[in-house]
Structures are given as C-alpha cells and as structure tokens.
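The lines below spell out each chain.
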Amino acid sequence: MEKIIGLIDAPFTPFHPNGDVNLQPIEAYASMLVKNGLKGVFINGSSGEGYMLTTEERMLLAEKWAVAASAGFKVIVHVGSCCLRESEKLARHAQQIGAWGIGAMAPPFPKIGRVEELVRYCEVIAAAAPELPFYYYHIPAFNGAYLPMISLLEAVDGRIPNFAGIKYTYESLYEYNQCCQYKNGKFDMLHGQDETILPSLAQGGAKGGIGGTTNYNGRELVGIIEAWKRGDVETAREKQNFSQEVINVICRYRGNIVGGKRIMKLMGFDLGPNRVPFRNMTDDEEVAMCRELEKIGFFERCNRF
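Residues numbered from 1 in each chain as written. Predicted model: local features only at pLDDT ≥ 70, side-chain atom pairs only at ≥ 80, totals over all residues. Heavy atoms only, no water.

Quick notes on the pattern of salt bridges
Under the defined criterion, the tally for this structure stands at 18 salt bridges. As a salt-bridge pair, R159 and E116 come within 3.0 Å of each other at their nearest N and O atoms. You can see R159 sitting in the loop between helix 6 (149-156) and strand 6 (163-168) and its partner E116 sitting in helix 4 (residues 115-128), a full 43 residues away along the chain. When its relative accessible area of 36% is taken as the criterion, E116 is described as partly exposed. Among the salt bridges present, the one from D157 reaches K183, with a minimum N-O distance of 2.8 Å. Of this pair, D157 sits in the loop between helix 6 and strand 6 while K183 sits in the loop between helix 7 (173-181) and strand 7 (188-191), and the two are 26 residues apart along the sequence. Each of E116, R120, E123 and R159 takes part in salt bridges that share partners, so that together they form one network. (Salt bridge = Lys/Arg side-chain N within 4 Å of Asp/Glu carboxyl O. Helix = DSSP H or I, 4+ residues; strand = E, 2+ residues; numbered from the N terminus. Buried < 20%, exposed > 50% of the residue type's maximum accessible area, 1.4 Å probe, protein only.)

Here is the structure:
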C-alpha cells in the first residue's frame, strides 16, 4: 500500500457569516496548499469542525474537495462519527467520489476503552470502502481513547485488509517510534503534531504527516523536512523553533481551530466564523494576536496565495 511522503493539511471548513457551509473558497484553498508544498488534505476532521457538521454537509465538502484537487493531490476524508452507520455512509460516499483515502478517530461518545472495541469500530468503517486505504486517527485528548497503538497494529494486522496506518496526534515519541518500527515499517505512521516534526524525523524516520498549522505555516513546516533531507540540521531546527513560536501564539487564542482559523483572515483568506459552541475571537483579540505574530516575523514567512 502506498505510503504518504510529505505533509498533508487538515483544512478548516469555510462558513458563511450565518454559519452555513461555504464551498466557494475551496478551489483557491486547494491551489494555495499546493503552492506551499502540501501534498493533500485530511478533511472534516478536528480542524474542520467535522463533528459539528451534518452528514450532508460533510458529503458536500468531500465532493467539492475531490473536484478541486489537482493531479497527485490526495484527498483523505475523515468519516468518524458517534453513529457507526453514518460513518459507513460517509466511507462509501468517499469511495464513490474518488477520494484517495479515508480515516476515522474514535468517537467522543461512547468512550472506547478496549483495543478490541476500537478494532471493531475501524473494521466496520474500513469494510464500507474496501478500495481505499483506511487510517486510524489517534487523538486521545479529543476522545479519551488512551489505548496502546502497538496493540492496535498487532490486532488489525491481517484482519483489516485496507488498514494503511495511523495519524498519530499524541505526545509519546517513544510509542510513535515503536509503531514506526513495527514489522520493519509495515504501516504508514503519519506524524500528527506540528510541534515535533523534527524529532519525529530524527527518531522515527517519519516520511509523512498531517497537520493543522500547515494551513498558514505550511511553508516553514515543509521547510523542516526539506532541510532535514539535505542534512541541514541547523535550518531544520530554526524552522521547528519558529513553528513552535507560532503555536505558542495560537495557544493563547483558543488554539488552532479558533485562533488558527482567524490567522487565515489576517492573511487575506477569510474562512468565516467557528460554529457554536466554539467561542469566536473578538476584534480586540484579533488585533492582539496580529501584533504577536508581527513580533515574531510571521507574516514574512507564512503561506502565500
């Protein structure tokens, strides 16, 4: 099964001021990501407020991204849901529209507390789109599924034919590395934390990743990988440290989903508000965040349109 090389973006969902999904910006969005070195998108996930979208909205977004994608630009559709039948429906739809792959995080409700429960959940979804690679999205801070990922790989190995790997969004670089080493790298381990791309390259031999700050800081994050490949560790370290400074800023403004989405507006690409219950930034907060970003030289280094 093909492994992803390079960074995949987790895009925000554009909304109109009244909260309706806005499909209009997606074509330009896709072009901007390609221009800045991103290799695809993982849509309708946490950055895209996926669990706050209706099934119909998620399908419309998937269709639009599939059409907007240029040759070689991978569209992976997050199909996780608290309703497994909805996940199956979304998975079948993703295969029908020609998506490159699908993925799912464990549902926030009910809580999954055993590896076998998680395997069964993944198995049903993956079987609904047997022609597509399936990625499990490991983000326990979101859903409380603090389960050992080595145990998951052992359990799915030979049981889920189209299980491609894991989007690993957790702090344990040790476990990430162990998963990378499983059966000499059998599964595709996509690094999911922009804060630690460089150590994942050095320790786990990461080849691909999926990030949220790549929406606006993709040039620098791609630059980490490029510098590492040519043996320029100092440049890679500087870009990683800069990227952490950007993350420090958004953490003071309710994180990537809220603060990061507002950065897109500051860059001239307004994707609208966040959905309730997210608390949107005030105008005063926007001004303050802009000043913090200017102080670290962000706008000279951010993504270009």
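Moving on from the coordinates now.
Some remarks on the pairing of strand 8 (residues 208-211)
Because side chains alternate across strand 8, one face comprises the buried residues G208 and I210, and the other comprises G209 and G211, equally buried. Judged from the four bridges that link them, strand 1 (residues 6-9) and strand 8 form a sheet pairing that is parallel. Residue pairing for strand 8: I8 is matched across the bridge by I210. (Pairing = 2+ DSSP bridges.)

Regarding the nonpolar core
Nonpolar side chains tend toward joint burial in soluble globular proteins. Ranked by size, the top nonpolar core spans 85 residues in total, and within it L118, Y136 and F163 carry the most contacts. It is helix 4 that contributes the most residues to this core, eight residues altogether. Those residues in contact with Y136, other than ones at most four positions away along the chain, are A104, M105, A106, L118, C122, A145, M149, L152, F163, G165, I166 and K167. Listed in part, the 12 residues of the second largest apolar core include F42, M105, Y135 and A164. (Core = buried A, V, L, I, M, F, W, Y, C linked by side-chain atoms within 4.5 Å. Contact = heavy atoms within 4.5 Å.)

Quick notes on the packing of aromatic side chains
Considering all chains together, one arrives at 14 aromatic pairs under this definition. Pairing Y29 with W65 gives two aromatic rings, centres 5.4 Å apart and planes at 55°, and the pair type is tilted. Residue Y29 is located in helix 1 (residues 26-35), and its partner W65 is located in helix 2 (residues 55-68); the two are separated by 36 residues in the primary sequence. Just as Y29 is buried, W65 falls in that class too. Each residue in the set Y29, W65, F269 and F305 is aromatic and connected to the rest through ring pairs, giving one cluster. When the ring centre of F242 is taken as origin, the NZ or CZ atom of R301, which lies over that ring, is 3.9 Å away. (Phe/Tyr/Trp six-rings, centres within 6.5 Å; stacked < 30°, edge-to-face > 60°. Lys NZ or Arg CZ within 6 Å of the ring centre and 35° of its normal.)

Some points on the UniProt feature "active site" (unreviewed entry) in the chain
UniProt's entry tags Y137 and K167 with the feature "active site" (unreviewed entry), counted in the numbering of this structure. The named residues occupy 31 residues along the chain; their greatest pairwise C-alpha distance, 4.7 Å, places them in one compact cluster. When you line up the elements, Y137 lands in strand 5 (residues 134-138). Classification of Y137 by relative accessible area gives buried; the value is 2%. With respect to the secondary-structure elements, K167 resides in strand 6. Setting aside residues no more than four positions away along its own chain, K167 makes contact with F42, Y136, Y137, H138, L190, G192 and I210. In terms of polar contacts, K167 uses its side chain to reach the side chain of Y137, at 3.1 Å. (UniProt positions renumbered as here; feature names shortened; annotations may be inferred. Polar contact = N/O pair within 3.5 Å; in protein donor to acceptor, adjacent residues only side chain to side chain.)

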